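An overview of the molecular structure
Spelled out from the first residue to the last, the chains are:
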Amino acid sequence: MNKTANGLGIVLLVIFALEIILAAVLTMILRLSGQDILSGDSELSLIENGLLSAIMFFVVTLIYVLIKRRSLGALFPFEKIGAKKLAMLCVIGTALSLMSNFAPHLLTEAFGLFGVTNSGGTFSFAGDPPSVLIYFLTVAILPACMEEFAFRGVIMGSLRKYSDALALVVSAALFALMHGNFVQIPFTFCCGLVFGFLVLKTDSLLPAILVHFLNNGLSVTFDLLYEYKVLSAGLVNLLYGAIIMITGILGLILIRSFVKEDENFFRLGKADEGIPYRVKLKTVAGSPTLISFAVIMLLFSVYVLILPYLVQWGVIRY
């Protein structure tokens, strides 16, 4: 178990290192081309996110799987799901992930009490259709596929042999830390639990990918509608709130339906009873590489938090 945890920690450290290296290289290219780095309004800046997503979450994890000679079918399950059940699970998953937005809002308000602003970052747009398509691809489509392959496929799949519950919580925690932002961490942890639960209940990555896409896609769509002045900020918030309320009500109805049909709907698979759960959690949490990854990502989150102030004070220059 310790060997597995350390291997996953190495994968995450390599992914983050590649992100930093590629970001530095592409930032240098932006500098040389004379484009505004902070605004992120160039197609190259948008492409950067797609490249990082593809390279970080798919290529690295795939190499890890090949080196370990793990079964692709076991780590990337796609068991057949009926269309009706898939649709119902997607509604439930979307409702729960959208409601998770309340966590970052509360945290943002808490930061605001101390005069600190912190967000997950925003994009500006060049205004031409190619930029919009690239933005949608890199923010909504690629992350939904690549991140699910990495976190619900390789990471959660590698830990399931020890305990479904352990695999679910650990993969969600690592997924949250990987985002490197204090406001996003609670939201992505909740979403990680939702995505992971869907995979565990269906033995398929498909519902998690679809819900992940719907969650990101809705956010991107409303960003675009506001950016191009199709909707006002007030109307965007009203419609987004209405979608959360409607999907929430439908989600609760469908959850009741699933529980009525199967009273063990929320019960995860039995763990290997040979090792107590507490020992398993301690072993995974005590992995040197996973601890290193957690510390680095928390420090990076602090950097993201104070970066605007460092720029404002002239400590960092772009």
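First, a word on scope: everything that follows refers to the structure included in this document. Being a predicted model, the structure only gives us computed values, none of them experimental.

Phi at Asp203 takes a positive value of approximately 55 degrees, unusual for a residue other than glycine. Checked against the element boundaries, Asp203 lands in the loop between helix H8 (184-202) and helix H9 (206-227). Asp203 gets classed as partly exposed once you look at its relative accessible area, which sits at 34%. In this structure, Lys229 takes a positive phi of about 60 degrees despite not being glycine. Locating Lys229 in the fold gives a position in the loop between H9 and helix H10 (233-261).

Turning to helix H4 (residues 83-99), a few remarks are in order. Here H4 spans 24 Å end to end across 17 residues, near enough to the 24 Å set by a 1.5 Å rise per residue. Listed in full, the buried residues belonging to H4 are Leu86, Met88, Leu89, Cys90, Ile92, Gly93, Thr94, Ala95, Ser97 and Leu98. On its buried side, H4 packs onto H8, H9 and H10.

As a further point, take the packing of H4 against H9. Relative to each other, H4 and H9 sit at 45 degrees, their axes nearing to 9 Å. In terms of their interaxial angle, H4 and H9 are classed as oblique. As for how H4 packs across H9, the hand of that crossing is right-handed. Contact residues: Leu86, Leu89, Cys90, Gly93, Thr94, Ser97 and Leu98 in H4; Leu206, Pro207, Leu210, Val211, Leu214, Asn215 and Leu218 in H9. Grouping the constituent residues of the contact of H4 with H9 by class yields 10 nonpolar, four polar and no charged.

Further remarks concern the side chain of Ser171. Here Ser171 lies in helix H7 (residues 164-178). By relative accessible area, Ser171 is classed as buried at 0%. Among the polar contacts made by the side chain of Ser171, one reaches the main-chain carbonyl oxygen of Ala167 at a distance of 2.7 Å. Not counting the four nearest positions on each side in its chain, Ser171 is found in contact with Phe151, Arg152, Ile155 and Met156.

Counting 61 residues, the largest nonpolar core has Leu12, Phe57, Phe151, Leu174 and Met178 as its most contacted members. In terms of residues, this core owes the most to one element, helix H6 (residues 129-159), which gives 10 residues. The contact partners of Phe151, leaving out residues within four places of it in the chain, are Leu12, Phe57, Met156, Ser171, Leu174, Phe175 and Met178. Counting residues in hydrophobic clusters, the runner-up holds six residues, among them Leu98, Phe222, Val236 and Tyr240.

All right, on to the environment of Ala165 then. Note on placement: Ala165 falls in helix H7. Distance from Ala165 to Leu193, taken between C-alpha atoms, is 10.0 Å for residues 28 residues apart in sequence. Residues within four places of Ala165 in sequence aside, it is in contact with Leu268 and Tyr277.

Each value, and the rule that gives it
- Residues numbered from 1 in each chain as written.
- Predicted model: local features only at pLDDT ≥ 70, side-chain atom pairs only at ≥ 80, totals over all residues.
- Heavy atoms only, no water.
- Helix = DSSP H or I, 4+ residues; strand = E, 2+ residues; numbered from the N terminus.
- Buried < 20%, exposed > 50% of the residue type's maximum accessible area, 1.4 Å probe, protein only.
- Expected span 1.5 Å × (residues − 1).
- Contact = heavy atoms within 4.5 Å.
- Axes fitted to C-alpha atoms, helices over the stretch in contact; angles between N-to-C directions.
- Parallel < 35°, antiparallel > 145°, perpendicular 65-115°, else oblique.
- Left-handed = near helix turned anticlockwise from the far one by under 90°.
- Nonpolar A, V, L, I, M, F, W, Y, C, P; charged D, E, K, R; others polar.
- Polar contact = N/O pair within 3.5 Å; in protein donor to acceptor, adjacent residues only side chain to side chain.
- Core = buried A, V, L, I, M, F, W, Y, C linked by side-chain atoms within 4.5 Å.

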